[in-house]
Amino acid sequence: SFFYDGRCLLHCPIFHYEQRFNWRCGKCGQNCEFCEHFANCKRCQLDVPLKKFQLQDGICKGVRIHPNKVYFFAAWYLGAACAVLCATYMI
């Protein structure tokens, strides 16, 4: 078991990795959800509305998304949903 936050766990929680040399949970690098060790990320955290996370050479980099792009896609999906609903009710 691994020591984390004052207790012993069978596996380390997300955003942490198993340190087998001292049986503790170490913190992954910034924006990293699953990693082998601090500098080797396997999967980035989920994207947030204005930031997308990309894995590059074991490091997660946050890329800002322009706010207008978010609004554009929201409006596009809303328009598509309205078109489907209108087509459904007209049949």
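That block above? That's the structure.
Reading guide: rules and limits
Residues numbered from 1 in each chain as written. Predicted model: local features only at pLDDT ≥ 70, side-chain atom pairs only at ≥ 80, totals over all residues. Heavy atoms only, no water. Helix = DSSP H or I, 4+ residues; strand = E, 2+ residues; numbered from the N terminus. Contact = heavy atoms within 4.5 Å. Patch = residues over 30% accessible without salt bridge, like charges linked within 9 Å, V, L, I, M, F, W, Y side chains within 5 Å. Areas by Shrake-Rupley, 256 points an atom, 1.4 Å probe, with all protein chains shown as cover. Salt bridge = Lys/Arg side-chain N within 4 Å of Asp/Glu carboxyl O. Buried < 20%, exposed > 50% of the residue type's maximum accessible area, 1.4 Å probe, protein only. Core = buried A, V, L, I, M, F, W, Y, C linked by side-chain atoms within 4.5 Å. Disulfide = S-S within 2.5 Å.

Participant: How should I be thinking about the side chain of Q19 in this particular structure?
Facilitator: Within the element layout of this structure, Q19 appears in strand β3 (residues 16-19). Residues in contact with Q19, not counting those within four places in the same chain, are F2, R24 and G26.

Participant: How should a nonpolar patch on the surface be read in this particular structure?
Facilitator: Side chains of F73, W76 and Y77 sit close together on the surface and give an oily, nonpolar patch of about 380 Å² of accessible area. Relative to the elements of secondary structure, F73 occurs in helix α1 (residues 67-90).

Participant: For this particular structure, what's the right way to read the environment of C25?
Facilitator: One can find C25 in strand β4 (residues 24-27). Taking the C-alpha atoms as reference points, C25 and F15, separated by 10 residues in sequence, lie 9.5 Å from one another. Ignoring anything within four residues of it in the chain, the contact list for C25 reads F2, F3, Y4, C12, P13, H16 and Y17.

Participant: What am I meant to see in the pattern of salt bridges here?
Facilitator: Proximity of charged atoms lets side chains of opposite charge pair with each other. According to the stated counting rule, one finds 3 salt bridges in the structure shown. Here E18 and R20 are joined by a salt bridge, their closest N and O atoms 3.0 Å apart. Using a relative accessible area of 52% as the deciding quantity, one classes R20 as exposed. A salt bridge links K42 to E36, with the shortest nitrogen-to-oxygen separation between them at 3.6 Å. The exposure class of E36 is partly exposed, given its relative accessible area of 47%.

Participant: Got a minute to help me understand unusual backbone geometry in this structure?
Facilitator: For residues that are not glycine, phi is negative in most cases, and the peptide bond is trans in most cases. Phi is positive for W23, close to 55°, though the residue is something other than glycine. Mapped onto the fold, W23 is located in the loop between β3 and β4. The exposure class of W23 is partly exposed, given its relative accessible area of 43%.

Participant: Explain the nonpolar core here, please?
Facilitator: Burial of nonpolar side chains together is a common tendency in soluble globular proteins. By size, the foremost hydrophobic cluster in this structure holds 8 residues: Y17, C28, C32, C35, C41, C44, F53 and C60. For this core, the secondary-structure elements that each account for two or more residues are β5 (32-37) and β6 (40-44). Excluding residues within four positions of it along the chain, F53 makes contact with N31, C44, Q45, L46, D47, V48, K61 and G62.

Participant: How should I be thinking about the state of the cysteines in this particular structure?
Facilitator: If you walk through the whole model with that rule in mind, you get 4 disulfides. A disulfide bridge connects C12 with C25, and the sulfur atoms are separated by 2.1 Å. Taking the torsion about the S-S bond as the criterion, the C12 to C25 disulfide, at about -90°, is left-handed. Taken as a pair, C12 in the loop between β2 (7-9) and β3 and C25 in strand β4 lie far apart in primary sequence, 13 residues in all. Side by side, C12 and C25 carry an identical accessibility label, which is buried. With its sulfur 2.1 Å from that of its partner, C44 forms a disulfide with C60. Here the disulfide of C44 and C60 is left-handed, its torsion about the S-S bond being about -105°. Of the two residues, C44 sits in strand β6 while C60 sits in strand β8 (residues 59-64), which places them 16 residues apart along the sequence. Exposure remark for C44: the relative accessible area of 10% places this residue in the buried category. For the chain, the disulfide bridges join cysteines in the arrangement 1-2, 3-5, 4-6, 7-8, where the cysteines are counted in sequence order.

All we've got here are geometric facts, nothing functional implied.
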